[in-house]
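As a plain string of letters, each chain reads:
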Amino acid sequence: MSISKDKVKKIGNLAKIKLTNDEIEIYSTQLTQIVDFMNKLDEVDTSKVESVINQNLDHHSNRLNDIVEDGNYVEKILKNAPDSKEGFFTTIKVIE
Amino acid sequence: MSILHNLTLSKALNLLEKGEITAVNLTEHYLKKIQNSEKLNAFCLKSSDLAISKAEYCDKIMKSEKRGKLCGIPLAIKDIFCTENQRTQAASKILQNFVPEYESTVTAKLWSENAIMLGKLNMDEFAMGSSNETSIYGPAVNPWKSKNSDDDLTPGGSSGGSAAAVAADLCIASMGTDTGGSIRQPASFNGVVGLKPTYGRCSRWGIIAFASSLDQAGPITKTVRDSAILLNIISGHDKKDSTSEKKLVPDFEAFLDDDIRGKKIGIPKEYQLNDTPEEITKLWENGITLLKEAGAEIINISLPHTKYSLSAYYVLAPAEASSNLARYDGVRYGYRAPLESDDGIDELYKMTRSEGFGDEVKRRIMIGTYVLSAGFYEAYYQKALKVRSLIQEDFNAVFSSGVDVILTPTTPTPAFPLNSKIKENPVEMYLNDIFTVPVNLAGLPAISIPTGLSKNNLPLGLQLIGPKWNEQEILNVAFRLEKEVNFNYNPISWWEDK
């Protein structure tokens, strides 16, 4: 199945990646190659197999109780922000 | 030749303990070598001052009970591990100038045993690549050269810098991560030992995420013993990573007795491909012969779903990556694209991600977004999950039939030249991971050790795969194989500025 340029644009939009016309062209070819490669999976009969998100987990009992154990790291958390003000991340104005 | 030349971890520990060398000697020796090895581009950050002050501290406590198990051992760390106050950017522009406020659990364990950090190591961007060429720093270079050519070769990927640094003796050992072969393939290409532990053996906390159900940290070392020593340190449950298991951690080093009599070694027929080069087949046959002579029993096995591994992997890994990398939005940390005055929040996200991510990362995010999107989720993502279960069942069936360890080649070829045509077609590059990917899908431990040279004098590795939570078994068989092979080659130094 081929991934058309329109499809590439749509995926770029979902993934929040701005693509140039050249990139759209290249990705259309490359994503088609990759999807063809994935289509090999159709050969496998999986009608009797359950799907499990992470088969590598033996169990899920290691989850922590939802209790706050630390905090007050505002300064540390903001240290790597491209821009911040008065203890908050700043972004550009959002008006819907 | 200097006593410091090409020291293994176990030998260095011994010399430090006996006082024949000091941590400062050893650290200065490596810092100088790193300084003179710019051509390899293995290091993307040198933490010289930190290393020297830690070495001075180590020398002070060397005789005390506080010394720890790695006192005075200089290590280097893949740029994917968050290191407190030391720049960490997973070789990506989008994490430009990111300086973590915290330390990954794996590296914290190393430092608490008083290992010394020499610096951070080059890698493929976000660990996505098999040749190191997706790095924002430019690729690390393999210290080995083909006998017929002066071309620079790939160190492999994604932990290419980690393997090159150990092969070129720029550190005692290094840490890497392995999502589809990213420790084992570079180890094989550089003639060193690379171990991918069982999924859940080591904490992933503080390791920049690529594909969370597959990622695992592991050591790259000069010997199998060194690998066992480091695995002892980095293993164990961490409450900050719910996928790290509460399993007893055996003493992996104590288990090394090189007696493999009666061990059942499985040889999977599916790993013999039609186009496998003769030198790889011969290497594998030689490994089989050596293990047989050491008293192991060789058993032909079948892993029938092997041929679907790469297709399943290249659905699942990008799917998880597209989700994990959604966090890079230009707001909380890392790079933010410059914007025009009338740009809105959508442009902020799109421009930042477009300028911040490299080609391969964008490609994988796009693929991941596609396979998770409405209408394709069932056909690709769900399907790949099911195939993954079948791959895991193949391994389970073999191990429950009594096979102890599986032996395969690590890679289908030796290291190839940088800038080769291969990167024009992403699928061709993905084929590099053909022997390593099934292990990650099944969550198993595996090790690559150097066992021979190609016809062009490049190192080649064999891989040993074990059942879950049984690293001691693969380490012990690898230990014996290492002894039988006696791989005693090192790259000839062409890269050092004298």
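Calculation rules
Residues numbered from 1 in each chain as written. Chains lettered and ligands numbered in written order. Predicted model: local features only at pLDDT ≥ 70, side-chain atom pairs only at ≥ 80, totals over all residues. Core = buried A, V, L, I, M, F, W, Y, C linked by C-beta atoms within 7 Å. Buried ≥ 20, exposed ≤ 12 C-beta atoms within 10 Å, placed from the backbone. Contact = placed C-beta atoms within 7 Å. Pairing = 2+ DSSP bridges. Helix = DSSP H or I, 4+ residues; strand = E, 2+ residues; numbered from the N terminus. Axes fitted to C-alpha atoms, helices over the stretch in contact; angles between N-to-C directions. pLDDT = per-residue confidence, 0-100. Parallel < 35°, antiparallel > 145°, perpendicular 65-115°, else oblique. Nonpolar A, V, L, I, M, F, W, Y, C, P; charged D, E, K, R; others polar.

## Topic: the nonpolar core
By size, the foremost hydrophobic cluster in this structure holds 155 residues, and its most contacted members are L75, I116, L118, A165, C171, V315 and A478 of chain B. Filtering out sequence-adjacent residues up to four positions away, A478 of chain B remains in contact with V224, I447, I449 and L464 of chain B.

## Comments concerning the sheet that holds strand β2 (residues 74-78) of chain B
Residue and element names in this part refer to chain B. Strand order across the open sheet formed by eleven strands is β1-β3-β2-β4-β6-β5-β10-β11-β9-β7-β8, with mixed pairing between neighbours. Across the chains shown, the open sheet's two edge strands, defined by having one partner strand only, are β1 (43-46) and β8 (297-301). Across the sheet, the mean angle from the axis of one strand to that of its neighbour is 30 degrees, orientation sign disregarded. Inspection of the sheet shows strand β7 (residues 264-268) paired to strand β9 (residues 405-409) by two bridges, in the parallel sense. By the bridge assignment, G266 is partnered in β9 with I406. Packed onto the sheet, helix α2 (residues 23-35) meets β1, β2 and β3 (116-121) and runs at close to 15 degrees relative to β3. Packing against the sheet, helix α3 (residues 48-61) makes contact with β1, β2 and β3, and its axis sits at approximately 160 degrees to β3.

## Let's talk about unusual backbone geometry
For the bond from G157 of chain B to S158 of chain B, the omega torsion is 10 degrees, close enough to zero to count as cis. One non-glycine residue, N72 of chain A, adopts positive backbone phi at about 55 degrees. Its place among the elements puts N72 of chain A in the loop between α2 (21-38) and α3 (74-78). For N72 of chain A, a count of 7 C-beta atoms within 10 Å puts it in the exposed group. Here N457 of chain B, not a glycine, exhibits a phi torsion of approximately 65 degrees, which is positive. Mapped onto the elements of the fold, N457 of chain B is located in the loop between β10 (446-453) and β11 (459-465).

## What about the confidence of the model for chain A?
Mean pLDDT over chain A: 89, with 91% of residues reaching 70 or higher. When pLDDT is averaged over each helix and strand of chain A, the minimum, 93, is found for α2 of chain A and the maximum, 97, for helix α1 (residues 5-14) of chain A.

## Considering the packing of helix α9 (residues 309-324) of chain B against helix α11 (residues 359-372) of chain B
A pair of packed helices is captured by two measures, namely the crossing angle of their axes and the spacing between those axes. All names here are of chain B. The geometry of α9 relative to α11 is characterised by a closest axis approach of 7 Å and an angle of 100 degrees between their N-to-C directions. When the axis of α9 is compared with that of α11, the two are roughly perpendicular. Counting all contacts with α9, which are made through V315, P318, A319, A321 and S322, the residues of α11 involved are R364, I365, I367, G368, T369, V371 and L372. Here the residues of the contact of α9 with α11 sort into eight nonpolar, three polar and one charged.

## Some words on the interface of chain B and chain A
Listed as interface residues are 56 residues of chain B and, on the opposing side, 40 residues of chain A. It is helix α12 (residues 377-400) of chain B that provides the largest number of residues to the side of chain B that touches chain A, a total of eleven residues. Tallied by class, residues from the side of chain B that touches chain A come to 25 nonpolar, 17 polar and 14 charged.

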